[in-house]
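Residues per chain, in single letters:
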Amino acid sequence: MEIVEGIGIGVAVVFAALLILFIRRALFTRSGGIIRLSVRVSTILDGRGWSPGFGRFVGDELRWYRMFSFALRPKRVLSRKTLAVERRRLPEGQERLSMPADWVIVRCTSNHAPVEIAMARSTVTGFLSWLEAAPPGAASPRLASQDWPAA
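This structure is a prediction, so every number in the text was calculated from the model and none was measured. The residue numbers shown here count from 1 along each chain, following its written sequence. At least 70 in pLDDT is required for a residue's local features to be given in this predicted model, at least 80 for side-chain atom pairs to be given and counted, and no such filter applies to totals for whole chains, interfaces and linings, which use all residues. Computation of side-chain values covers all heavy atoms of the structure but excludes hydrogens and water.

### Quick word on the overall build of the protein
Consideration 1: Working definition: helices are DSSP H or I runs of at least four residues, strands are E runs of at least two. Numbering for both runs from the N terminus. Secondary structure assignment for the protein yields three helices and seven strands.
Consideration 2: Starting at the N terminus, the α and β elements of the protein follow one another as α-β-β-β-β-β-α-β-β-α.
Consideration 3: When burial is assessed residue by residue, the protein has 32% of its 151 residues classed as buried.
Consideration 4: Contact between two residues is taken to exist if any of their heavy atoms lie within 4.5 Å; hydrogens are not considered. Within the protein, residue pairs in contact and separated by at least 24 positions form 43% of the contacts whose partners lie at least 6 positions apart.
Consideration 5: Of the roughly 9,500 Å² of accessible surface on the protein, a fraction of 60% belongs to carbon and sulfur atoms. Whether a residue is buried, partly exposed or exposed follows from its accessible area with a 1.4 Å probe, protein chains only, as a fraction of its type maximum: under 20%, in between, or over 50%, in that order. Computed with a 1.4 Å probe, the accessible areas rest on the Shrake-Rupley method; for each residue, only the protein chains presented here act as cover.

### Some remarks on the pattern of salt bridges
Consideration 1: The term salt bridge refers to a side-chain nitrogen of Lys or Arg lying within 4 Å of a carboxyl oxygen of Asp or Glu. Scanning the entire structure with this criterion turns up nine salt bridges.
Consideration 2: A salt bridge links glutamate 95 to arginine 40; the shortest N-O distance between them is 3.9 Å. Of this pair, glutamate 95 sits in helix α2 (residues 95–98) while arginine 40 sits in strand β1 (residues 34–40), and the two are 55 residues apart along the sequence. With respect to burial, glutamate 95 and arginine 40 carry one shared label: buried.
Consideration 3: Close ionic contact of aspartate 60 with arginine 80 constitutes a salt bridge, the shortest N to O distance being 2.3 Å. Of the two residues, aspartate 60 sits in the loop between β2 (50–58) and β3 (61–66) while arginine 80 sits in the loop between β4 (76–79) and β5 (83–89), which places them 20 residues apart along the sequence.
Consideration 4: According to the relative accessible area criterion, arginine 80 is buried, its value standing at 8%.
Consideration 5: Linked through salt bridges whose partners overlap, the residues forming this network are Arg40, Glu86, Arg89, Glu92, Glu95, Arg107 and Glu116.

### Quick word on the sheet that holds strand β7 (residues 113–120)
Consideration 1: Here, any two strands with at least 2 DSSP bridges between them count as paired. As summarised here, the arrangement of the seven strands in space is β4-β3-β2-β1-β7-β6-β5, forming an open sheet in which the pairing is antiparallel. Each of the sheet's edge strands pairs with one partner strand only, and the pair in question is β4 and β5. Direction aside, the axes of adjacent strands within the sheet are offset by 35° on average.
Consideration 2: With axes taken as lines fitted to C-alpha atoms, and helix axes fitted only over the stretch in contact, angles between N-to-C directions fall between 0 and 180 degrees. In this fold helix α3 (residues 121–132) packs onto β1, β2, β3, β4, β5, β6 (103–110) and β7, with an angle of close to 135° to the strand it touches most, β7.

### Let's talk about the nonpolar core
Consideration 1: If you look at the biggest cluster of nonpolar residues, it comprises 19 residues, and the most contacted ones within it are Leu37, Leu83, Val85, Cys108, Ile117 and Phe127.
Consideration 2: Listing elements by their share of this core, those giving two or more residues are β1, β3, β5, β6, β7 and α3.
Consideration 3: With five residues, α3 is the largest single contributor of residues to this core.
Consideration 4: The contact partners of cysteine 108, leaving out residues within four places of it in the chain, are Leu83, Ala84, Val85, Glu86, Ala113, Pro114, Val115, Ile117 and Phe127.
Consideration 5: If you look at the next biggest cluster of nonpolar residues, it comprises six residues, including Trp50, Met99, Ile105 and Ala118. Each nonpolar core is a collection of buried residues, namely Ala, Val, Leu, Ile, Met, Phe, Trp, Tyr and Cys, held together in the definition by side-chain atoms within 4.5 Å.

### A short note on the pairing of β1
Consideration 1: Among the seven residues in β1, five count as buried, and that is most of the element.
Consideration 2: For β1 and β2, the ladder comprises seven bridges, and the chain directions are antiparallel. Paired with valine 39 across the bridge in β2 is serine 51.

### Topic: the packing of aromatic side chains
Consideration 1: Stacked, tilted and edge-to-face pairs are distinguished by plane angle, under 30 degrees for stacked and over 60 for edge-to-face with tilted covering the rest, among Phe, Tyr and Trp rings (Trp via its six-membered ring) whose centres lie within 6.5 Å. For the structure shown, the criterion picks out three aromatic pairs.
Consideration 2: Through a chain of ring-to-ring contacts, the aromatic side chains of Phe57, Phe127 and Trp130 assemble into a single cluster.

Okay, structure coming up:
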């Protein structure tokens, strides 16, 4: 009888975890402004360290949430005021195995720290539009260079 109870508790825990993940995702996707993207959280090994997730535009912030996390708070918050795009590139080496074929990697700086974001080619245009859409009179250091290679 103890084995059956243990299996029942295990199934209940797995069900509760899946329910929490589903509710979390439903709360975020309901309000719109959600994009699928990956952020490079570690640069120790070339082509590694990418974590899948989704971003949510909230005013002047891009809030990034990990895909497989129970946290309700964003893992990273990127402010439009301090974010500047350095360049974009196509995935190389190991990166090609970990992300879809039509994705582009955008290298940015945020508070003088490098940030790499991978997103679909069609999403890059919207991201850059959001980045440039500053309030009237605000300085626009958003795009560090205009001579990007075609991606």
